[in-house]
Amino acid sequence: MGNFLKFQAPLWSLLIGVILSALVFYQVKSWENAHFQHTFEYRADTRTSAIKSVLDHVFETADHVVAVIHHELVVERRDELVSAEIGALAGISDPKNPEVGMLAWLPRLDSADANHHRAPEYSDFDYQLLMADQNRENWFKPEHLSIPSRWEHMLMAMDTGHHQIDIYTEGDDRHVLVIFSPVYKRSAADNPAERREALLGFVVSEWDVAPLIDESLRTMPVGAIDYYLSDASDPQNMPFYFHSSRTRSGKDQALKTGVSTEKFIVTGEHRWRVRFEAAPAFLQQHQSFTALQSMGLVLLLSFMLSGYLWMTTRRTKEIAETVKQRTAELHAEKNKLSDSMARYDNLVKSIPVGVYLFRFYNDDSMGFEYVSPNFCKILGLDADAVLQDGSIAFSAAHHDDLDNLIRANKAAKESLEPFRWEGRFIINGNTRWVQIESDITAVDESGSLWSGVVSDITERKKAETKLKTLTKALEYAGEAAVVTDHDAVIEYINPAFTKITGYSFEEIVGKKPNILKSSAQDPSFYKVLWDTILRGDVWQGTLIDRRKDGTYYPALMSVAPIHDDSGKVTHFVSLQQDMSEYKRLEEQFLQSQKMEAIGVLVGGIAHDFNNMLAGIVGNTYMAKTRIKDDEKLLGNIEAIERISMRAAGMIKQLLTFARKEHVEMSTFSLTNFLNEAIKLAATAIPESIERSCETSPEELYIHGDSTQLQQVIMNLINNAKDALEGIKNGKISCSLKPYIADDSFWQRHPNCKGEMFACLTVSDNGGGIPENVVSKIFDPFFTTKGVGKGTGLGLAMVYGAIEGHMGAIEVDSVPGEGTTFTIYLPLVDAKPEQEQVSLQQAVTGQNELILVADDEALILEMYKSVLSHLGYRVIAAHNGEEAVQQFERNMRDISLVVLDVVMPVMGGMDAAKRIRELDEKLPIIFATGYDRGSLDDAGREISDHEIINKPFTVESLSQLIIRSLDTRKQN
């Protein structure tokens with residue numbers, strides 16, 4: 001190894017010399033080859049020019065011959081050409097001229113001129129030999145024109161107007177050029193049709209161009225170059241002239257130099273190809289030894305340099321080894337340092353945070369020693385300015401956060417503990433959130449060096465704020481929110497979910513939503529739900545779910561898929577609203593709508609129906625007064641009167657139920673009332689049914705209509721009695737106690753007022769009410785009893801009466817166990833009012849004059865009969881306007897007016913106003929078949945009036961008349 005190092009420099013110099021000599025050799029050789037190629041191309045160009053001159057001469061001569069023949073036939077108008085003259089005129093004086101082997105004229109026959117409209121045929125031409133040797137006399141006679149190549153060339157020449165050529169071979173080495181030249185009557189023909197029409201014939205000439213070319217190349221330097229002349233349009237590329245410089249020996253023919261070129265000549269409207277090939281002799285003629293000489297010289301110099309280096313190597317060996325070793329060490333250290341710096345620089349530039357080095361000096365000053373580009377980009381600062389004055393970085397801090405930043409830096413300097421700070425910076429006029437993290441790197445006599453990073457956390461802060469807002473929205477939302485993974489495993493619920501279902505976060509997370517599944521939906525319902533959300537769509541609908549305690553609740557739910565950035569469904573979110581309260585309010589609203597519709601219906605029929613009943617009652621009274629001796633007939637009439645009043649009571653119940661009837665409200669003790677009402681209702685209960693009533697020991701006072709409430713208790717007890725039909729050991733229980741309303745009560749009955757209520761219950765242990773019937777029992781005319789056993793108005797009237805008392809009614813029924821009706825009536829503190837006892841007999845008058853107005857003729861007749869029987873005089877009017885007119889005529893005699901409320905032309909209220917304008921003290925009684933309460937509201941403008949509802953008994957009417965007349969007398 002030591003010997004190798006000793007001779008390393010000479011060997012390297014020798015190797016370099018060999019390489020340089022090779023490069024010199026190849027460079028010189030390339031110059032020689034370039035010179036060789038240039039010489040070859042030059043020889044080829046000069047020979048190409050000579051060949052082109054020969055071909056130009058041939059085609060110019062052919063053009064001249066055509067011009068001469070055209071002149072003789074067209075200009076001179078000769079009928080026949082003379083061969084000698086043609087040759088002389090064309091410049092071919094010697095018929096035996098070796099360049100022209102044959103010249104012939106093929107004139108177009110006169111018979112063909114008559115058919116020039118068709119394409120010429122070879123039979124349309126004659127044959128005249130102008131000059132030729134004996135062997136070629138018959139070559140172009142018409143019978144030989146059918147040779148395809150000849151005839152095709154002739155047709156091409158005729159249509160194009162240019163010479164066409166054909167080449168054929170004579171022997172092995174001789175190729176002959178045949179030129180077909182068209183002659184026309186006129187030279188202006190410019191399309192194939194005109195040329196065919198103007199064609200006179202063809203000039204056919206045969207040329208042996210090889211001697212001409214040889215003659216033209218004779219004066220050029222002899223060179224070992226082979227060249228071949230051929231028609232460029234010939235696909236076989238057959239040469240009709242070639243020149244070979246090689247011998248005929250097989251060895252010489254087999255030598256190939258690989259040096260060749262092709263030239264193209266355009267003459268006579270034809271393109272010719274000339275191919276040149278360099279023969280081996282050409283290479284030998286131009287071979288040079290310059291490259292070898294140059295290479296030898298370089299090798300000699302290399303050997304001399306190697307010897308010199310070998311001599312100097314011995315003296316500088318130690319120096320070279322030392323320098324080499326030290327240089328290698330320095331290079332290694334430099335490369336290592338460069339790699340480390342490059343990696344660090346790339347790392348600092350690639351991370352999205354700013355990197356800095358900061359020094360706290362012992363004299364309380366501070367400054368940056370390094371800031372990365374991202375540091376300046378994040379804080380919007382200039383690097384040079386920050387490095388020069390570190391306080392610039394602090395000046396960009398938000399004024400509300402600046403003191404906090406300074407305190408954090410001071411604390412870090414004193415404690416030498418890492419610190420982390422988040423705050424706002426004003427960057428380019430915008431507020432950005434920045435996070436600074438720093439740790440101590442070194443401590444020396446000058447101070448402490450800190451390294452840290454600065455991050456822009458604005459987007460993170462926005463995301464945190466948005467996430468916090470969304471989380472709060474879910475936490476405080478009234479709807480239950482559930483988030484599951486793709487496999488429907490619950491990952492999150494909000495407090496509303498726990499409130500609605502009863503399941504806590506710990507109980508439900510990790511389970512699936514089917515824990516809420518009820519039997520209200522079939523499997524196809526859930527299949528549609530899953531198909532929709534797995535497809536990426538949102539599902540919405542209603543369903544029944546089950547709470548933790550086993551109770552069911554209606555819910556309005558929507559389920560939406562959550563997609564990741566690639567569009568894949570990863571989670572599902574469900575929002576569910578408890579629809580229990582909505583359903584309850586909806587049912588109340590529907591019930592209210594039904595009541596409203598029934599009220600409109602009842603109010604519409606009440607007037608006419610009550611008018612008819614009033615006529616019946618009045619006439620039955622008159623009938624009774626006239627047949628007092630016939631007891632049987634009197635009983636029938638009294639039955640008619642009872643039935644009529646019963647029908648009137650039914651109409652009153654309907655009006656009460658529909659809130660169309662005025663209710664006589666008074667304050668009384670519900671405790672005493674219930675005891676009396678139970679006694680009255682007990683008369684209709686069979687002895688086989690056990691009865692019990694438990695009342696509160698304290699007096700419970702309410703403000704209500706005792707008649708309506710008596711009917712309420714009668715209806716409920718009758719229903720309980722009917723429910724116990726066929727039941728052994730039947731029992732009806734009643735109870736009355738005070739009740740304080742709670743939140744649950746207000747949710748069920750938001751329209752009730754007050755806090756203290758009387759709670760009245762009527763229970764039985766009958767068969768109960770089916771679940772599908774409970775919601776319909778308060779509907780008018782709905783009954784489950786047989787035909788003739790119920791009208792369907794009992795519970796409807798109960799419902800209307802309780803609602804009219806601002807109370808509430810509930811029903812709790814279990815099929816097979818019984819039913820309980822619970823009534824809540826608001827309590828009052830007022831003392832009960834004294835009840836008045838009304839007279840129950842008719843009272844006669846003292847011949848007073850009474851004005852009666854009604855649009856029903858039967859009612860008017862009833863009034864006349866009844867009032868006349870009672871001792872009054874009567875004036876009748878058919879409407880309000882007629883009543884006013886009658887009053888104006890008899891106002892001094894009329895003591896009282898009875899008016900129907902609804903009449904044509906003018907109603908009772910308007911008529912009363914007109915009459916009161918004439919006599920403000922006159923007693924007025926309104927008789928109406930409508931709701932008395934609505935009449936009270938309308939009659940407030942008229943003072944001192946009375947109201948009586950149709951149908952009325954004669955006794956009640958007589959008492960009301962007497963009371964009104966007495967009041968006027970007293971006043």
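If you're wondering where the values come from, they're calculated on a predicted model, not measured in any experiment.

(A) Fine view of the overall build of the chain. Helices and strands together make up the secondary structure of the chain, namely 30 helices and 31 strands. Here the chain, with 971 residues, has 41% of them falling under the buried criterion. Accessible surface computed for the chain: about 54,400 Å², of which carbon and sulfur atoms make up 54%.

(B) Main features of the pairing of strand S30 (residues 924-928). Burial analysis of S30 places five of its five residues in the buried class, the great majority of the element. Here S30 shows no split at all, with Ile 924, Phe 926 and Thr 928 on one side and Ile 925 and Ala 927 on the other all buried. With four bridges connecting them, strand S29 (residues 894-900) and S30 associate as parallel partners. Across the sheet, Asp 900 pairs through a bridge with Ala 927, a residue of S30. Relative to strand S31 (residues 945-949), S30 is paired through five bridges, and the arrangement is parallel. Bridge pairing links Thr 928 to Asn 949 in S31.

(C) Spotlight on the pairing of strand S18 (residues 552-563). Strand direction decides the pairing type here: strand S17 (residues 539-546) and S18, joined by eight bridges, are antiparallel. Note that in S18 the partner of Thr 542 across the bridge is Leu 556. The hairpin turn running from S17 into S18, its antiparallel successor, is five residues long, and Gly 550 in that turn takes a positive phi close to 90°.

(D) Here's a closer look at the packing of aromatic side chains. In total, this model carries 19 aromatic pairs according to the counting rule given. Here Trp 530 and Phe 572 contribute two aromatic rings whose centre-to-centre distance is 5.7 Å and whose plane-to-plane angle is 85°, an arrangement assigned as edge-to-face. Here Trp 530, found in helix H18 (residues 523-534), pairs with Phe 572, found in strand S19 (residues 569-578); they are 42 residues apart in sequence, far enough to count as distant. Classification of Phe 572 as buried rests on a relative accessible area of 2%.

(E) Quick peek at helix H7 (residues 209-217). Turning to H7, its buried residues are Val 209, Ile 213 and Leu 217. The buried side chains of H7 occupy one side of the element, clustering within an arc of 65° when seen end-on.

(F) Examining the side chain of Ser 813 more closely. Examined against the element boundaries, Ser 813 turns out to sit in strand S25 (residues 808-814). A polar atom in the side chain of Ser 813 sits 2.9 Å from the side chain of Thr 819. Those residues in contact with Ser 813 that sit more than four places away from it in its chain are Gly 768, Ile 769, Gly 818 and Thr 819.

(G) Spotlight on the sheet that holds strand S16 (residues 490-493). A sheet is described by the order of its strands in space; here five strands give the open sequence S16-S15-S19-S18-S17, paired in antiparallel fashion. Each end of this open sheet is capped by a strand with a single partner; those strands are S16 and S17. On average, each strand axis in the sheet is inclined to that of its neighbour by 30°, with strand direction left out of account. Where H18 meets the sheet, its contacts fall on S17, S18 and S19, and the angle it forms with S17 comes to roughly 140°.

(H) Structural context of the pattern of salt bridges. Counted according to the given criterion, the structure contains 24 salt bridges. Where Lys 263 meets Asp 45, a salt bridge forms, and the shortest distance between an N and an O atom there is 3.0 Å. With Lys 263 in strand S8 (residues 260-267) and Asp 45 in helix H2 (residues 8-75), this residue pair connects regions lying 218 residues apart in the sequence. Since its relative accessible area comes to 16%, Lys 263 is described here as buried. For the salt bridge of Asp 537 with Arg 535, the shortest nitrogen-to-oxygen distance reads 3.0 Å. In this structure Asp 537 comes out as partly exposed when scored by relative accessible area, which is 35%. Because the salt bridges share partners, they merge into one network encompassing Arg 420, Glu 422, Glu 437, Arg 460, Lys 461 and Glu 464.

(I) Here's a closer look at the environment of Asp 812. Note that Asp 812 resides in strand S25. Sequence separation between Asp 812 and Ser 763 is 49 residues, and the spatial gap between their C-alpha atoms is 9.4 Å. Excluding residues that lie within four positions of it along the chain, Asp 812 makes contacts with Gly 818, Thr 819 and Thr 820.

(J) Spatial organisation of the environment of His 71. Mapped onto the elements, His 71 comes out in helix H2. Distance in space between the C-alpha atoms of His 71 and Lys 185 is 9.8 Å, their sequence separation being 114 residues.

(K) Representation of helix H28 (residues 908-918) in the model. Looking only at H28, the buried set comprises Gly 908, Met 909, Ala 911, Ala 912, Ile 915 and Arg 916. Looking down the long axis of H28, one finds its buried residues gathered within 155° of arc, a one-sided arrangement.

(L) Examining a negative patch on the surface more closely. Taken together, the side chains of Asp 629, Asp 630, Glu 631 and Glu 638 define an acidic patch exposed on the protein surface. When you line up the elements, Asp 629 lands in the loop between helix H19 (580-626) and helix H20 (631-657). Classification of Asp 629 by relative accessible area gives exposed; the value is 80%.

(M) Structural view of a nonpolar patch on the surface. On the surface, a nonpolar cluster with roughly 450 Å² of combined accessible area is contributed by Leu 15, Ile 16, Ile 19, Leu 20 and Leu 23. On the secondary structure map, Leu 20 appears in helix H2. Judged by relative accessible area, Leu 20 falls into the partly exposed class, the value being 43%.

(N) How the structure looks around the packing of helix H27 (residues 880-890) against H28. The contact between H27 and H28 brings their axes to 9 Å, and the two run at 15°. Here H28 runs roughly parallel to H27, going by the angle between their axes. H27 and H28 meet at a crossing whose hand is right-handed. Taking contact as the criterion, the partners of Gly 880, Val 884, Phe 887 and Glu 888 in H27 are, on H28, Ala 911, Arg 914, Ile 915 and Leu 918. Across the contact of H27 with H28, the residue classes tally to five nonpolar, one polar and two charged.

(O) Here's a closer look at the confidence of the model for the chain. Overall, the prediction assigns the chain a mean pLDDT of 78, with 79% of residues at 70 or greater. The low-confidence segment residues 247-254, where pLDDT is below 50, has six contacts with residues more than four positions distant or belonging to other chains. Counting contacts from residues 834-839, a segment whose pLDDT is below 50, to residues more than four positions away or on other chains yields two contacts.

(P) Fine view of the sheet that holds strand S11 (residues 366-371). Read across the sheet, five strands follow the order S11-S10-S14-S13-S12 without closing on themselves; strand pairing throughout is antiparallel. Whereas interior strands pair on both sides, the edge strands pair on one side only; in this sheet they are S11 and strand S12 (419-427). With direction set aside, neighbouring strand axes in the sheet form an average angle of 30°. The pairing of strand S10 (residues 354-361) with strand S14 (residues 447-456) spans eight bridges and is antiparallel. Residue pairing for S14: Arg 359 is matched across the bridge by Leu 449. Contacts between helix H14 (residues 402-415) and the sheet are confined to S10, S12, strand S13 (430-444) and S14, with S12 contributing the most and set at about 150° to the helix.

(Q) Structural context of unusual backbone geometry. Here the residue pair Lys 950 and Pro 951 is connected by a cis peptide bond, since its omega of -5° sits within 30 degrees of zero. Mapping Pro 951 onto the fold places it in the loop between S31 and helix H30 (954-970). A positive phi angle is found at Leu 416, which is not glycine, with a value near 55°. If you trace the backbone, Leu 416 turns up in the loop between H14 and S12.

How each quantity is defined
- Residues numbered from 1 in each chain as written.
- Predicted model: local features only at pLDDT ≥ 70, side-chain atom pairs only at ≥ 80, totals over all residues.
- Heavy atoms only, no water.
- Helix = DSSP H or I, 4+ residues; strand = E, 2+ residues; numbered from the N terminus.
- Buried < 20%, exposed > 50% of the residue type's maximum accessible area, 1.4 Å probe, protein only.
- Areas by Shrake-Rupley, 256 points an atom, 1.4 Å probe, with all protein chains shown as cover.
- Pairing = 2+ DSSP bridges.
- Phe/Tyr/Trp six-rings, centres within 6.5 Å; stacked < 30°, edge-to-face > 60°.
- Arc of directions from axis to C-beta.
- Polar contact = N/O pair within 3.5 Å; in protein donor to acceptor, adjacent residues only side chain to side chain.
- Contact = heavy atoms within 4.5 Å.
- Axes fitted to C-alpha atoms, helices over the stretch in contact; angles between N-to-C directions.
- Salt bridge = Lys/Arg side-chain N within 4 Å of Asp/Glu carboxyl O.
- Patch = residues over 30% accessible without salt bridge, like charges linked within 9 Å, V, L, I, M, F, W, Y side chains within 5 Å.
- Lys, Arg positive; Asp, Glu negative; His and termini not counted.
- Charge placed at Lys NZ, Arg CZ, Asp CG, Glu CD.
- Parallel < 35°, antiparallel > 145°, perpendicular 65-115°, else oblique.
- Left-handed = near helix turned anticlockwise from the far one by under 90°.
- Nonpolar A, V, L, I, M, F, W, Y, C, P; charged D, E, K, R; others polar.
- pLDDT = per-residue confidence, 0-100.

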